[in-house]
Amino acid sequence: WKKQVSDFFEQNPEAKTYSKDIANILLNNKQLSSIDGCLDIAYKMVKSDKAQEPASLAKNEDFLKKYIIDNPRAKELIIDNYINSLNNFNVAPKLISGQTKEITATTKNKVGSLEKARELTLKLFN
């Protein structure tokens, strides 16, 4: 039995988390514990009892912190998604007045000579 248990946990290392639950199932069900593959069956029973719907996991703050927020790839996807949403945001920015207005880009007038600079300066003051 010890060898069978040892082999089972070697093949299923994630089952160690549920070892107490597996043991309880086998201790409380003598018929199950007497058949071959009882550890696999008990493990599957525990996993199905402990399974949660993805929607409920999304509301579980501890799960989110441990598996999503601390996951570098998940962070990257969230940040990329946020940046893309900002790039697709088609609302004019608020100005100091608090109203949204369109701001148009203007090109700078490049002056090639002193004569043109003089003309532009006169236009600004008239």
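The model shown is predicted, which means the values in this text are computed figures rather than measured ones.

Conventions adopted
- Residues numbered from 1 in each chain as written.
- Predicted model: local features only at pLDDT ≥ 70, side-chain atom pairs only at ≥ 80, totals over all residues.
- Heavy atoms only, no water.
- Helix = DSSP H or I, 4+ residues; strand = E, 2+ residues; numbered from the N terminus.
- Contact = heavy atoms within 4.5 Å.
- Areas by Shrake-Rupley, 256 points an atom, 1.4 Å probe, with all protein chains shown as cover.
- Core = buried A, V, L, I, M, F, W, Y, C linked by side-chain atoms within 4.5 Å.
- Buried < 20%, exposed > 50% of the residue type's maximum accessible area, 1.4 Å probe, protein only.
- Phe/Tyr/Trp six-rings, centres within 6.5 Å; stacked < 30°, edge-to-face > 60°.
- Salt bridge = Lys/Arg side-chain N within 4 Å of Asp/Glu carboxyl O.
- Patch = residues over 30% accessible without salt bridge, like charges linked within 9 Å, V, L, I, M, F, W, Y side chains within 5 Å.
- Axes fitted to C-alpha atoms, helices over the stretch in contact; angles between N-to-C directions.
- Parallel < 35°, antiparallel > 145°, perpendicular 65-115°, else oblique.
- Left-handed = near helix turned anticlockwise from the far one by under 90°.
- Nonpolar A, V, L, I, M, F, W, Y, C, P; charged D, E, K, R; others polar.

A. Here's a closer look at the overall build of the protein. Scanning the protein from terminus to terminus reveals eight helices and zero strands. What you see in the protein, going N to C, is helices and strands ordered as α-α-α-α-α-α-α-α. Across the protein, contacts joining residues at least 24 apart in sequence account for 31% of those joining residues at least 6 apart. For the protein, the computed accessible surface area is about 11400 Å², with 55% contributed by carbon and sulfur atoms.

B. Spotlight on the nonpolar core. Membership of the largest hydrophobic core comes to 13 residues, with the highest contact counts inside it found for Phe8, Ala15, Ile22, Leu26 and Leu39. Taken together, the elements giving at least two residues each to this core come down to helix 1 (2-11), helix 2 (19-28) and helix 4 (38-50). Ranked by residues supplied to this core, first place goes to helix 4 with five residues. In contact with leucine 26, not counting residues within four places along its chain, are Trp1, Leu32, Ser33, Cys38, Leu39 and Ala42.

C. Highlighting the packing of aromatic side chains. Counting across every chain of the model gives four aromatic pairs. On the numbers, 5.9 Å between centres and 80 degrees between planes, the contact of phenylalanine 8 with tyrosine 43 is edge-to-face. Here phenylalanine 8, found in helix 1, pairs with tyrosine 43, found in helix 4; they are 35 residues apart in sequence, far enough to count as distant. By relative accessible area, phenylalanine 8 is classed as buried at 5%. What makes tyrosine 43 buried here is its relative accessible area of 6%. Aromatic pair tyrosine 18 and tyrosine 43: ring centres 6.2 Å apart, planes at 45 degrees, arrangement tilted.

D. The arrangement of the pattern of salt bridges in detail. Taken as a whole, this structure holds four salt bridges when the rule is applied. Among the ionic pairs, glutamate 76 bridges to arginine 73, the shortest N-O distance being 2.6 Å. Linking glutamate 76 with arginine 73, this pair stays in helix 7 (residues 72-87), spanning three residues, or about one helical turn.

E. Spatial organisation of a nonpolar patch on the surface. Nonpolar side chains collect at one region of the surface, where Ile79, Tyr82, Ile83 and Leu86 lie side by side and expose about 410 Å² of accessible area between them. Within the fold, isoleucine 83 resides in helix 7. The class for isoleucine 83 is partly exposed, based on a relative accessible area of 41%.

F. Main features of the packing of helix 1 against helix 4. At their nearest, the axes of helix 1 and helix 4 sit 10 Å apart, and the two run at 45 degrees to each other. Regarding the angle of helix 1 to helix 4, the classification is oblique. As for how helix 1 packs across helix 4, the hand of that crossing is right-handed. On helix 4, the residues that touch Gln4, Val5 and Phe8 of helix 1 are Leu39, Asp40 and Tyr43. For the contact of helix 1 with helix 4, the per-class residue count stands at four nonpolar, one polar and one charged.

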